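Each chain, written out:
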Amino acid sequence: MQRQTLVVMMFWGLAALLPADQTIVFEETQERFANPERGFYHSMVLNKIDLLRPLEDLRYNQYITLIYGKIEANEFRDKELSKQFIHDIEWGFYRIRQAGLKAIICVSL
């Protein structure tokens with residue numbers, strides 16, 4: 001019986017720590033901001049990204065947070081992926097992360 005009482009007291013003690021219902025009021029703004037993981041995206045070939053500046057321009061000047069990253073793998077349809085090809089893909093992902101973007105990936109064969 002004491003164990004049940006202790007459990008109930010702990011439960012009520014934890015419930016008392018929870019925040020009360022809150023009302024949040026959203027205000028209209030004319031400020032432009034990037035909407036992460038939603039909205040418009042820009043298409044580019046992921047394994048051919050070499051410069052960071054165009055990606056940063058998308059994020060901070062055009063407010064785009066998504067890249068449609070196409071990986072052109074046609075030449076590897078009947079053979080193994082080369083180390084250079086894998087490196088180029090990894091480099092593309094690295095550049096996208098540096099610019100604060102995320103990617104939707106599509107591999108074309």
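Refer to the structure printed above.
Every residue gets a number counted from 1 within its own chain, in the order that chain's sequence is written. Where totals are concerned, whole chains, interfaces and linings use all residues; where local detail is concerned, this predicted model gives features only for residues with pLDDT of at least 70, and gives and counts side-chain atom pairs only at 80 or more. Note that water and hydrogens are dropped before the side-chain values are worked out from all heavy atoms of the structure.

(A) Representation of the pairing of strand 2 (residues 66-72) within the structure. Two strands are counted as paired when DSSP detects at least two bridges linking them. By the criteria applied, helices consist of DSSP H or I runs no shorter than four residues and strands consist of E runs no shorter than two, each listed in order from the N terminus. Examined bridge by bridge, strand 1 (residues 41-45) and strand 2 share 5 bridges and lie parallel to one another. Opposite Ser 43, over in strand 2, you have Tyr 68 as the bridge partner. Crossover handedness is defined here as right-handed if the route from the first strand over the helix to the second strand goes clockwise, with the strands pointing away from the viewer. Following the chain from strand 1 across helix 2 (residues 53-60) to the adjacent parallel strand 2, one finds a crossover that is right-handed. Strand direction decides the pairing type here: strand 2 and strand 3 (residues 102-108), joined by 7 bridges, are parallel. Bridging across to strand 3, Glu 72 finds its partner in Ser 108. Traced from strand 2 through helix 3 (residues 83-98) to strand 3, the parallel crossover comes out right-handed.

(B) Representation of unusual backbone geometry in the model. Positive phi, normally seen in glycine, also occurs at Tyr 63, with a value near 60 degrees. Checked against the element boundaries, Tyr 63 lands in the loop between helix 2 and strand 2. Exposed residues in this analysis have more than 50% of their type's maximum accessible area, buried residues have under 20%, and partly exposed residues fall in between, with area computed by a 1.4 Å probe over protein chains only. Owing to a relative accessible area of 29%, Tyr 63 belongs among the partly exposed residues under this scheme.

(C) Structural detail: the packing of aromatic side chains. Here is the rule: rings of Phe, Tyr and Trp (six-membered ring for Trp) pair when centre to centre is within 6.5 Å. Planes less than 30 degrees apart are stacked, more than 60 are edge-to-face, and the remainder are tilted. Applying the stated rule across the entire model yields 3 aromatic pairs. With 4.6 Å between their ring centres and 45 degrees between their planes, Phe 76 and Phe 85 make a pair best called tilted. Phe 85 matches Phe 76 in its accessibility class, with the two residues each being buried.

(D) Just the pattern of salt bridges, in detail. Each salt bridge in this description consists of a side-chain nitrogen of Lys or Arg and a carboxyl oxygen of Asp or Glu lying within 4 Å of one another. Evaluated as defined, the whole model comprises 1 salt bridge. As a salt-bridge pair, Glu 72 and Lys 48 come within 3.3 Å of each other at their nearest N and O atoms. Taken as a pair, Glu 72 in strand 2 and Lys 48 in the loop between strand 1 and helix 2 lie far apart in primary sequence, 24 residues in all. We classify Glu 72 as partly exposed; its relative accessible area is 28%. You can call Lys 48 exposed: its relative accessible area is 57%.

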